[in-house]
Each structure stands twice: as structure tokens, then as C-alpha cells.
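Here are the chains, one letter per residue:
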Amino acid sequence: MSDVLVYKTYGGLPWTPKFVDEINKALCLGCGRCVKLCVQECLGLESFEDDEGTERHVAKIANKDQCIGCQSCGKICVRRAYTFKAKSA
């Protein structure tokens, strides 16, 4: 028996949700598309000053407990800055 959560899609196919685990801030452009896409409001933007004194924005995980494991944020990210992890049952 598997120790990972497995559900079924509407059509009865197996589906394993993978929850947002980390955002690679070195890869993130700070475009905010993932933040706008997330209907669960798990994500936000944070700003910081880079080494050259320019204000930069990057995505952050604001409400990890709200994540439903859809991976939409990772699919819209052009830089592939997201990593995901399945949750144990």
C-alpha cells in the first residue's frame, strides 16, 4: 500500500496532488502570474533590494496550508522556479 495520497479525477483516473514546496528565488522573475493564477491565495510577492540597489520582486509562499496541490503555479512559471512534493497519507 502506498503512503502517498492518491485521489481520482472526475473521469476516475488516479491523481496525486503535489503541493508547492519551494520557490527558487534566483530563478523567479517576480512577474506575479503565479500569484494571480492561484485561486487559493497561497502565494504572494515580496520585494527586496538586489546587490546593485535595484528593487526586485519575487514570489513567496504566503499561505502554504491553503495549497490544494494543483501545481498551476509551476505550470505557468516560465522559469520553472517551483518544486513540489506529494503529501504522505
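For the structure itself, look to the data block above.
Please read these numbers as outputs of a predicted model, since none were measured by experiment. (Residues numbered from 1 in each chain as written. Predicted model: local features only at pLDDT ≥ 70, side-chain atom pairs only at ≥ 80, totals over all residues. Heavy atoms only, no water.)

## Examining the overall build of the chain
Counted only if it meets this: Only runs of H or I of at least four residues qualify as helices and only runs of E of at least two qualify as strands under DSSP, and these elements are numbered from the N terminus. Accessibility here uses a 1.4 Å probe with only protein chains present; expressed as a share of the type maximum, an area under 20% marks a residue as buried, one over 50% as exposed, and anything in between as partly exposed. Any pair of residues with heavy atoms lying within 4.5 Å of one another is described as a contacting pair. Asp and Glu count as negative and Lys and Arg as positive, but His and the ends of the chain are not part of the count. To locate a charge, take NZ of a lysine, CZ of an arginine, CG of an aspartate or CD of a glutamate.
Secondary structure assignment for the chain yields two helices and six strands. When the helices and strands of the chain are placed in sequence order, the string is β-β-β-α-β-β-α-β. Going through the 89 residues of the chain one by one, you find that 24% of them count as buried. The long-range fraction of contacts in the chain, counting pairs at least 24 apart against all pairs at least 6 apart in sequence, stands at 60%. The average position of the 13 basic charges and that of the 11 acidic charges among the side chains of the chain differ by 12 Å.

## Examining unusual backbone geometry
Residue Glu-41 is not a glycine yet carries a positive backbone phi of 55°. Here Glu-41 shows up in the loop between α1 (33-37) and β4 (43-49). Of note in this structure, Gln-71 is not a glycine but carries a positive phi near 65°. Note that Gln-71 resides in the loop between β5 (55-61) and α2 (72-76).

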